[in-house]
Amino acid sequence: MKNIKSLIVLFVLNGAIVSCKKTKPVQLENRQVSSKVVKGDSVDIDKLALRDYSQLVFDTTMVLQSAPGTKSVLFNSDQSRLYALNLEGLSVYEYSRESKQLMREFRFKPSIGKGWNYEDRKEIISYKEKPVEAVISNHDSILWVSLHNNGGITPIFLQDISKMKSVSAPDSLIKKLFVVYETGASPDTIFVPLIKTGNTPKVIAADKKSTHLLVSNWHSKNTSVLEINPTVFPYAHLIKNISTGAIPRGVVIDDVHQKSYIAIMGGAQINVLDNKSWDLDTVINVASNPRHIVTDNQGRLFVSYNMLSQIACVDPVSGKTLFTAQTDANPRTIDLSKNCKFLFVTCYKGNKLEVFKIGEKGFTKIYSLKSSGSPVGVDLFEDNDKLEAWVCNYTIGTIKVFIFNKTQGELNIAEAKPKSGFKSAKAL
């Protein structure tokens, strides 16, 4: 976090509705691989109609310019667009996955509020409109954004800008945004509702039917349950807040087993909700400081432990930890490949993207790749031939795209090492 003077300078430099400078993607590095082996486990292929594969061979990278403090990234369901949540840039950027070019910017009008300094653990003067995380629902039509210092979330209708051009509601419950188009078209001014949840909202999750949202509220130490109604303003309403007892962060909804899981980062547990009643069902005791959580097609949980620099696979039925592995310093966001055979991990202080293969009894670390600038968020694109890991780097405001080729058979470590004499472009 920054003090108010530096924040004002930052916002002025970026401009309220001025688009960021276009930067062509550049290749930065070639193949490199770690042969360190840890124990692993295998799973069945995902429902998506992609050709199965047993190995990923790292090919190259690209770097895209984003805005200051890029905190998280996510693809829409057809993976044609990626959205970057820029905490310090007070904005959301929309990229074309295919062209790797910026398409639109959603820039919040700033207003002064109270923020939080995580190092000093005290309140500071900041801006209210700081996007943290997001989820997309209702057939890729609504982007739900959590605002770090504003105690709630906002819906952005991605396919219907006109729906947001006028609104009748108190100013305190409305956020003003500028939509900037990289085509050069005139910017639009839109208004979106602020839906109150709790203090310092972080992760948002949506069920597959787009009927409910869950929001983890850091300083309120609770999780909000909201019901979605895309036709009636403000498009979602709070049903209840569920106490978590300590700071929550990661949230995942398992629609198949009708359970939701909340990583209690301020403790050593995962809270389990019953999706039918949205009440606390049980508690899974785990290692300290769980941050992010995902579930595979078997219903198993994968967890990142920030302070322990560790990842784990957990059986949610028995509550047992099945296997673990060490990562580089401070693992943050994790993501699974669509066949659930590879786990991607961003390591904030380690400045790495690490890739683990999931085997029968544990993890095998197959890559530890440099991603300078404190990587936080990651999301994956896949087609039949390749996989792209889009990683946002918080302190330098970039997105680094790691490109892997899909293959069958065993990975030849010698062949996957960097080729001598390859050219490296100038870093951003």
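Scroll up a little and you will see the structure.
Before going into details, it helps to say that this report is about the structure given with it. (Residues numbered from 1 in each chain as written. Predicted model: local features only at pLDDT ≥ 70, side-chain atom pairs only at ≥ 80, totals over all residues. Heavy atoms only, no water.)

1. A few points about the overall build of the chain
No. 1: Helix and strand counts for the chain stand at 2 helices and 32 strands.
No. 2: By sequence separation, contacts in the chain at least 24 residues apart represent 52% of the contacts at least 6 residues apart. (Helix = DSSP H or I, 4+ residues; strand = E, 2+ residues; numbered from the N terminus. Contact = heavy atoms within 4.5 Å.)

2. What to know about the sheet that holds strand 18 (residues 251-254)
Hydrogen bonds along the backbone pair up the strands of a sheet, which may run parallel or antiparallel.
No. 1: Here we have 4 strands laid out as an open sheet, ordered 18-19-20-21, and antiparallel in their pairing. Each edge of the open sheet carries a strand with a single partner, namely strand 18 and strand 21 (279-285). Averaged over all neighbouring strand pairs, the angle between strand axes comes to 25 degrees, with direction disregarded. (Pairing = 2+ DSSP bridges. Axes fitted to C-alpha atoms, helices over the stretch in contact; angles between N-to-C directions.)

3. What about the nonpolar core?
No. 1: Judged by nonpolar contacts, the single largest core of 35 residues is most densely connected at Phe-106, Leu-143, Trp-144, Ile-156 and Leu-213.
No. 2: Among the elements that line this core, the one with the most residues is strand 9 (residues 142-147), at 5 residues.
No. 3: One finds Leu-56, Phe-342, Leu-353 and Leu-369 within the second-largest nonpolar core, a separate group that totals 18 residues. (Core = buried A, V, L, I, M, F, W, Y, C linked by side-chain atoms within 4.5 Å. Buried < 20%, exposed > 50% of the residue type's maximum accessible area, 1.4 Å probe, protein only.)

4. Section: the sheet that holds strand 16 (residues 222-228)
No. 1: Spatially, 14-15-16-17 is the arrangement adopted by the 4 strands of the open sheet, whose pairing is antiparallel. Here the strands that pair on one side only, and so sit at the sheet edges, are strand 14 (201-206) and strand 17 (236-243). Within the sheet, the average angular offset between the axes of one strand and its neighbour, ignoring direction, is 25 degrees.
No. 2: Where strand 14 meets strand 15 (residues 212-217), 4 bridges bridge the pair, whose relative direction is antiparallel. Note that in strand 15 the partner of Ile-204 across the bridge is Val-215.

5. Quick word on the side chain of Thr-223
No. 1: Here Thr-223 is to be found in strand 16.
No. 2: When its relative accessible area of 0% is taken as the criterion, Thr-223 is described as buried.
No. 3: Among residues more than four places away in sequence, those in contact with Thr-223 are Leu-214, Val-215, Ser-216, Asn-217, Lys-240, Asn-241, Ile-242, Thr-244, Pro-248 and Ile-262.

6. A short note on the environment of Pro-230
No. 1: Within the fold, Pro-230 resides in the loop between strand 16 and strand 17.
No. 2: Beyond its immediate sequence surroundings of up to four residues, Pro-230 is in contact with Asn-138, Ile-142, Phe-157, Lys-163 and Tyr-235.

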